[in-house]
Amino acid sequence: MYRLKVILPIIMMLFASSCETDSEIKISNHRDVVMTAFLYQDSIAQINVYGTTTYLDSLPYAPLGDVSVSVATTSRELIIRDIVDGNIATQFASLGIVQGDSVIICADGEFGHVEAHTFMLAPVEIVRIETGKAAYANESVVSVNVYLDDPPETSDYYQIAVQKKTNGKVRNIGCIYTDYVFFSAYQAILGFQREPTSGIFTDRSFDGYTKGVSLCIREADLADADEVDVLLYHHTEDYYNFMLSSSAVQNYLLLPVFGTGTIKSNVKGGHGLVSCMAVTRKAIDFDNE
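Bear in mind that the values here come from a model prediction, so they are computed numbers and not experimental data.

Engineer: Sorry, what's going on with unusual backbone geometry here?
Structural biologist: Where the residue is not glycine, phi is negative for most of them; where a peptide bond is considered, it is trans in most cases. The phi dihedral of Ala 137 falls on the positive side, at around 50°, and the residue is not glycine. Checked against the element boundaries, Ala 137 lands in the loop between β8 (126-136) and β9 (139-149). Residue classification places Ala 137 among the exposed positions, given a relative accessible area of 60%. One non-glycine residue with positive phi stands out, namely Asn 167, at about 50°.

Following this line, the structure appears as structure tokens:
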């Protein structure tokens, strides 16, 4: 049984047993390979490669010795970096990834070979943001409607996040995701409704149209904010499936009677996720409330 730490703190392998059945737990010393990378245009890219650990290990990850990491894109020649024994990551300066580029990342070491394929999507613009005063569960909140123009005739996957800047420091704000598109995303994989926590959704119900997506921000979280920005991520299907399957596994941990789940991965020969993501940022103008 393994604990996989893959940037997002939601990766773990589970066992399940009913309240009426004894379970025999076998611990293996075998290490699987985990590779993760989240790639943006014109930014430093960090590639993580490491081994899984058992619950008896003191470290959350295991270095895999000397590892050779290569990145190939449509618009650039192959670039190779090494992860020296004892480390788990290497960085690449801006890879020059542009819209439409395909990206292949490979890692080679004593463990063998793992690789993942991804591609860079186009950013989707935020058309406008509308806000207003509201109440939610006896809390004072600001309702926010984020309007986006969805590209037609493609399946698109999104995530909305909110950040605030206070005295030059940027922090994420926990949102209340109230729109049906958030609930639909979770219901599709869980089979029942659950309160959304990640802001993930798809264009399945509004393909090719302008859509206003609603959420709320607690007024208490805005009290010290100098600036508040909405971030609209345009994700790959791999990222979307990874996030939702991770949420499903978390749910099985809380309710093991439903069975266990599998976290989806696009890393061949290992676990984890490699994905490009395009993001659009727009500040909220509270003066227009």
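Now that the structure has been shown, the text picks up again.
Engineer: Honestly, the nonpolar core in this entry has me stumped. Any pointers?
Structural biologist: Here is a general trend for soluble globular proteins: nonpolar side chains tend to be buried in one another's company. Counting 26 residues, the largest nonpolar core has Met 35, Leu 39, Ile 47, Val 49, Val 69, Phe 92 and Ile 105 as its most contacted members. Counting residues per element, the ones that place at least two in this core are β1 (33-39), β2 (45-51), β3 (67-73), β4 (76-83), β6 (102-109), β7 (112-119) and β16 (271-283). Apart from residues lying up to four places away in sequence, Leu 39 is in contact with Ala 45, Ile 47, Ile 97, Val 103, Ile 105, Thr 118, Met 120, Ser 275, Cys 276 and Met 277. Counting residues in each nonpolar core, the second largest holds 25 residues, with Val 142, Val 146, Tyr 158 and Ile 160 among its members.

Engineer: For this particular structure, what's the right way to read the environment of Ala 135?
Structural biologist: Along the chain, Ala 135 falls in strand β8. Residue class for Ala 135 comes out exposed when judged on its relative accessible area of 65%. Taking the C-alpha atoms as reference points, Ala 135 and Glu 219, separated by 84 residues in sequence, lie 9.8 Å from one another.

Basis of the calculations
Residues numbered from 1 in each chain as written. Predicted model: local features only at pLDDT ≥ 70, side-chain atom pairs only at ≥ 80, totals over all residues. Heavy atoms only, no water. Helix = DSSP H or I, 4+ residues; strand = E, 2+ residues; numbered from the N terminus. Buried < 20%, exposed > 50% of the residue type's maximum accessible area, 1.4 Å probe, protein only. Core = buried A, V, L, I, M, F, W, Y, C linked by side-chain atoms within 4.5 Å. Contact = heavy atoms within 4.5 Å.

By themselves, these figures tell us nothing about what the structure is for.
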